[in-house]
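For reference, the chains in residue letters:
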Amino acid sequence: MQNKKTASGQKQTRRKMIAAFSVLSFALLIKWLPFGKKKSIIDCGPESKSKTLTFLAQDGKLVEVDASHITQIQQKISNTQLQNWIKRS
């Protein structure tokens, strides 16, 4: 008789433990899954309102120019034209 009580008591404890584990797992699953949440992006760099383009200056340095000051490129130049255009010190 006493053996049946301990067996049913062990079953109850196991059931409670399994139920608690499943509830905890479900709660963690809901917390970690992105259900329509938008992640905020933190930008560490300086804010640039306008787009800048990088060009090679005549003295051989790279400079950034605002895109609004640039007209559309007509044609590309050749390597020899580029080498002759750069001023050497």
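Given the structure is predicted, the values throughout are model-derived calculations rather than measurements.

**A word on the overall build of the chain**
Step number 1: Looking only at helices and strands, the chain features two helices and two strands.
Step number 2: Tracing the chain from N to C terminus, the helices and strands come up as α-β-β-α.
Step number 3: Counting every position in the chain, which comprises 89 residues, the buried fraction comes to 1%.
Step number 4: Counted over contacts in the chain with a minimum sequence separation of 6, partners at least 24 positions apart contribute 27%.
Step number 5: Accessible area for the chain stands at about 9500 Å²; split by element, carbon and sulfur atoms hold 59% of it.

**Quick notes on the pairing of strand E1 (residues 52–56)**
Regular strands have side chains that alternate between both faces of the sheet.
Step number 1: Across five bridges, E1 lies against strand E2 (residues 62–66) in antiparallel orientation. Among the inter-strand pairings, Leu56 is bridged to a residue of E2, identified as Leu62.
Step number 2: Between E1 and the antiparallel strand that follows it, E2, lie five residues; Gly60 among them carries a positive phi value of about 95°.

**Here's the deal with the environment of Leu56**
Step number 1: Looking at the element boundaries, Leu56 is found in strand E1.
Step number 2: Residue class for Leu56 comes out partly exposed when judged on its relative accessible area of 32%.
Step number 3: A sequence separation of 30 residues divides Leu56 from Ile86, and the C-alpha atoms of the two residues are 9.1 Å apart.
Step number 4: Contact partners of Leu56, with chain neighbours within four places excluded, come to Lys61, Leu62, Leu82, Trp85 and Ile86.

**Re a nonpolar patch on the surface**
Step number 1: On the surface, Phe26, Leu29, Ile30 and Leu33 cluster together into a nonpolar patch covering about 370 Å² of accessible area.
Step number 2: Within the secondary structure, Leu29 is located in helix H1 (residues 2–32).

**As for the confidence of the model for the chain**
Atom-level detail of predicted coordinates should not be read off regions where pLDDT is low.
Step number 1: Mean pLDDT over the chain works out to 79, with 76% of the residues at or above the 70 mark.
Step number 2: Looking over the chain, one finds the lowest element-wise mean pLDDT in H1, namely 82, and the highest in E2, namely 90.

Criteria and cut-off values
- For every chain, the first residue of its written sequence is number 1, and the numbers climb from 1 along that sequence.
- Where totals are concerned, whole chains, interfaces and linings use all residues; where local detail is concerned, this predicted model gives features only for residues with pLDDT of at least 70, and gives and counts side-chain atom pairs only at 80 or more.
- Only hydrogens and water are set aside when side-chain values are computed; all heavy atoms of the structure are taken into account.
- Think of it this way: any DSSP run of H or I at least four residues long counts as a helix, any run of E at least two long counts as a strand, and we number them from the N terminus.
- Type-normalised accessible area, obtained with a 1.4 Å probe on protein chains alone, sets the label of each residue: buried when under 20%, exposed when over 50%, and partly exposed for intermediate values.
- The contact criterion used is simple: two residues touch if any of their non-hydrogen atoms lie within 4.5 Å.
- Only the protein chains shown count as cover for residues, and all accessible areas are computed by the Shrake-Rupley method using a 1.4 Å probe.
- Strands qualify as paired when DSSP identifies two bridges or more between them.
- Exposure above 30% relative accessible area and no salt bridge define the residues that can form patches, which grow by joining like charges within 9 Å and nonpolar side chains of Val, Leu, Ile, Met, Phe, Trp and Tyr within 5 Å.
- Salt bridge, as used here, is a side-chain nitrogen of Lys or Arg placed within 4 Å of a carboxyl oxygen of Asp or Glu.
- Note: pLDDT gives the predictor's confidence per residue, expressed from 0 to 100.

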